[in-house]
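Next come the chains, spelled out residue by residue.
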Amino acid sequence: MPAMAETLVRGGTVVTEAGQRRADVLCRDGRVAAVGEALEASPGAEIVDAGGCFVLPGGVDPHTHLQLPTMGTVVADDFLSGTAAAAAGGTTTLLDFVGPERGQSPLEALAQWQAWAARSTVDYGLHMTVSWWGERFAAEMAPLVREHGVTSYKFFLAYKGGLMLPDEQIVEGFVRCRELGALPQVHAENGELIAYLQQELLARGVTGPEGHPLSRPPQLEGEATLRAVTMAEVVGVPLYVVHVSAAEAAEAIGRARQRGVKIVGETLPGFLAIDDSVYADPDFDVAAGHVMSPPYRPKGHQEALWRALEAGALSTTGTDHCCFTTAQKRAGADRFTRIPNGCGGVEDRLHVLWHLGVNGGRLTPERFVALTSSNAARAFNLWPRKGSLEVGADADVVVLDPARTKTLSARTQHQRTDFSVWEGREVRGVVVHTLARGRHVWADGDLRAEAGSGRYLPRAPFGPVYQGAIG
Ligand code: URP
Ligand code: ZN
Ligand code: ZN
Ligand code: ZN
C-alpha cells in the first residue's frame, strides 16, 4: 500500500449527469484527484482496467431499512450485510431511516441506530421517521438538525394505529421542518381507508396475500399524495415523496412541479417492472415475498411511471430495501395484514435500471446517473461530494460493463434473504468494480467490504431543494 492510497481507473467512458467522455479517474486518499486523458499514477498505485466499460459516480440509495425492528421481527439485513450487498451492486451511499418507538426520544433512537450503523461498509446518512409527534419530538429536532446532521423527516399518512399521524400533526411537523430547514418526506397512502378495506376483506374471508393490494388501491396513494403535496405547498416547505408506485401519485407530483412547487418524487425499480399479478401466485411464499407498501400495481402503472421519469415528474430511485426471509413472511400465513411489509433490492437497483432503462432505450446513461445517484445526493444535500466525479469528490466510483450479463437470483445475491423479486431475470450491464471512498470493495465478483469502513454523513439544513425543485 503506497503512503498515499492511490487507484487509477483507466480507459473507460466517464459518465456523469452532465455528459460523457473517454477519461481516466485518479483516486487518491479517498477522493477524486483528477479526471482526464492518459493520467499517470504513482508507483505502487492500483490500476483498475475500465476498457470497454462505463465509469459512473457510485449509486446513492436514498431509502433503505437495515436492522429495523418491525412487525414483531427484525429485517434480515443488518448494516454489515446490507451495505456489503449495496457495494456489490454499485451503491456506495445509503440513507437509512431511524425509527424511534412511540414516545421514545428521537435523539436516543439516533444513538441506537448509530451504534448499529457503525458496522457499515459504505457511507451512510440517516433520516428520522416521525413515528409519534409532540413537543418533545419538535424540540429534539433542533439538535438533530443542527448538531447531528439529521435533516430529513418522514411522515406517514398510512399505517393507522401505528405510524400514521393525523393531518393536524403532519402540518405541525411540516412547519417545524420549515423552521429548521429540514426536508419532510411522506409515505403517502390513505391509512383510514386502508384500515376500512382490510377489515372488510377479512370479514369476507379474504385472508391470503391477494388481499394486500385489494386493501391498498392506487387511488388511495393518489389522494394521500395530493393531500401531502397540498399541505407542503400551503405551509411553504419543500417535500420529498417516497416510493411512488401509482400513476395518480406521479401525476399529482408532476402537476405541482409544473406550478413551481418544490417537490421531489422517488420511485423504485420494482414499481417500473412488476405488476400486481404476483399476488395471485398460488405459492404463498411467492405472493407474500412481494408484499410491501405501497403494493405492486395493476398493469399500466409501470408505463405511467416510466413516462413520469422521462418527463421529469419523478427525480430519484431508491429501493426501500426492507428484506425478510420466507420464514419471516409466513407470520402472515393466516391473514395478509400480518405479513411483514417489505422487499429487498439494494444490490439490484443499478442493474435493473440500466437494463430496463438504458438498454431499453428509455434513459440515457446521463439520466441513469441522475436517477441513481446525483439527484438523491442533491435532494439530501450530499452533492457534489456524493453523486459526482468532480475533483475533490469522494472517490465513490463504479465500473459497469455494458456487455456483460448476469442472472439475478436469491441463490447468488449478497442480500441476506432466500427471496428475490427479480428471481431469474437476466440483465445486461453489470457492475464489475466498486470503489467506496477509494477502497476497492467489489472487484469482479470478489466482495472485500470491511465492517466499519463506512462513515456517517451529517448533512446541513436548507439544502438545494429549498432553492428549487431538483432533477
Ligand atoms: O413495505 C414497506 N415499504 N416497508 C418499509 C417501510 C415503508 O413503508 O417504507
Ligand atoms: Zn413507506
Ligand atoms: Zn421505506
Ligand atoms: Zn483493489
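Calculation rules
Residues numbered from 1 in each chain as written. Chains lettered and ligands numbered in written order. Predicted model: local features only at pLDDT ≥ 70, side-chain atom pairs only at ≥ 80, totals over all residues. Helix = DSSP H or I, 4+ residues; strand = E, 2+ residues; numbered from the N terminus. Rg over C-alpha atoms; globule rule 2.2 N^0.38 Å. Buried ≥ 20, exposed ≤ 12 C-beta atoms within 10 Å, placed from the backbone. Contact = placed C-beta atoms within 7 Å. Pairing = 2+ DSSP bridges. Near = placed C-beta within 6 Å. Nonpolar A, V, L, I, M, F, W, Y, C, P; charged D, E, K, R; others polar. Axes fitted to C-alpha atoms, helices over the stretch in contact; angles between N-to-C directions. Left-handed = near helix turned anticlockwise from the far one by under 90°. Expected span 1.5 Å × (residues − 1). UniProt positions renumbered as here; feature names shortened; annotations may be inferred. Parallel < 35°, antiparallel > 145°, perpendicular 65-115°, else oblique.

(A) How the structure looks around the overall build of the chain. Across its full length, the chain holds 14 helices and 19 strands. Taken over C-alpha atoms, the radius of gyration comes to 21 Å for the chain, in line with the 23 Å a tight globule of 471 residues would show. Its C-alpha atoms give the chain principal-axis dimensions of roughly 70 × 50 × 40 Å. Counting across all 471 residues of the chain, residues that qualify as buried make up 58%. Excluding contacts between residues fewer than 6 apart, the proportion of contacts in the chain whose partners are at least 24 apart in sequence is 77%.

(B) Structural view of the pairing of strand S14 (residues 263-267). By the criterion of burial, S14 is predominantly enclosed, with five of the five residues buried. Going residue by residue along S14, you find Ile263, Gly265 and Thr267 tucked away on one face and Val264 and Glu266 tucked away on the opposite face as well. Summarising the sheet, strand S13 (residues 239-241) and S14 pair through three bridges and their orientation is parallel. Paired with Val241 across the strands is Gly265, a residue of S14. Judged from the two bridges that link them, S14 and strand S15 (residues 316-317) form a sheet pairing that is parallel. Across the sheet, the residue bridging to Thr267 is Thr317, located in S15.

(C) Structural context of the site of ligand 1. For ligand 1, the full set of nearby residues is His65, His187, Met292, Ser293, Asp320, Cys322, Asn341 and Gly342. The residue makeup of the shell around ligand 1, split by class, is two nonpolar, five polar and one charged.

(D) Inspection of the sheet that holds S13 at higher detail. Reading across the sheet, the eight strands line up as S6-S9-S10-S11-S12-S13-S14-S15 and stay open at both edges, with parallel pairing between neighbours. With partners counted over all chains shown, the strands left at the sheet margins are strand S6 (59-64) and S15, one partner each. Sitting on the sheet, helix H1 (residues 79-88) is in contact with S6 and strand S9 (91-98), with an inclination near 145° to S9.

(E) Main features of the packing of helix H13 (residues 349-359) against helix H14 (residues 365-379). Taken N-terminus to C-terminus, the directions of H13 and H14 make an angle of 145°; their axes are 11 Å apart at the nearest point. Crossing hand, H13 versus H14: right-handed. Where H13 approaches H14, its residues Arg349, Leu350, Leu353, Trp354, Gly357 and Val358 are matched on the opposing element by Pro365, Phe368, Leu371 and Thr372.

(F) View of helix H8 (residues 247-258). For H8, built from twelve residues, the straight-helix expectation of 16 Å at 1.5 Å per residue is met to within 8% by its first-to-last C-alpha distance of 16 Å. Restricting attention to buried positions, one finds in H8 the residues Ala247, Glu248, Ala249, Ala250, Ala252, Ile253, Ala256 and Arg257. Tucked inside the fold, the buried residues of H8 contact helix H7 (218-235), S13, S14 and helix H11 (301-311). Positioned one or two residues after H8, Gly260 has a phi angle of 95°, which is positive.

(G) Quick peek at the environment of Trp306. Within the secondary structure, Trp306 is located in helix H11. On the basis of neighbour count, Trp306 is assigned to the buried category, with 21 C-beta atoms found within 10 Å. Considering only alpha carbons, one finds Trp306 and Ser81, 225 residues apart in sequence, at a separation of 31 Å. In this structure Trp306 touches Leu272 and Arg362, once residues within four positions along its chain are discounted.

(H) A look at helix H4 (residues 167-180). Taking 1.5 Å of rise per residue, 14 residues should cover 20 Å, and H4 covers 20 Å from first to last C-alpha, within 8% of that figure. At its buried positions, H4 is contacted by helix H3 (135-146), strand S11 (152-156), strand S12 (183-187) and H7.

(I) Molecular detail of the UniProt feature "domain: Amidohydrolase-related" (unreviewed entry) in the chain. Sites flagged by UniProt as "domain: Amidohydrolase-related" (unreviewed entry) map to residues 54-432. Between the first and last C-alpha atoms of residues 54-432 the distance is 10 Å; the span itself is 39% helix and 18% strand.

(J) Representation of the UniProt feature "modified residue: N6-carboxylysine" (unreviewed entry) in the chain. Mapped onto this numbering, the UniProt entry annotates "modified residue: N6-carboxylysine" (unreviewed entry) at Lys154. Along the chain, Lys154 falls in strand S11. Excluding residues that lie within four positions of it along the chain, Lys154 makes contacts with Phe97, His127, Thr129, Val130, Gln185, Val186, His187 and Val242.

(K) Just the packing of H8 against H11, in detail. Contact pair H8 / H11: the axes reach a minimum separation of 9 Å and the direction vectors enclose 20°. When the interaxial angle is binned, H8 and H11 end up roughly parallel. Considering how the two elements wind past one another, H8 and H11 form a crossing that is left-handed. Of H11, the residues touching H8 (which contributes Ala247, Ala250 and Gly254) are His301, Ala304, Leu305, Ala308 and Ala311. The class makeup of the residues in the contact of H8 with H11 is six nonpolar, two polar and no charged.

(L) Broad picture of the environment of Gly30. The residue Gly30 is located in the loop between strand S2 (19-28) and strand S3 (31-36) in this model. On the neighbour-count criterion, Gly30 (17 C-beta atoms within 10 Å) is partly exposed. Contacts of Gly30, omitting those with residues within four sequence positions, involve Asp394, Ala395, Arg437 and Gly438.

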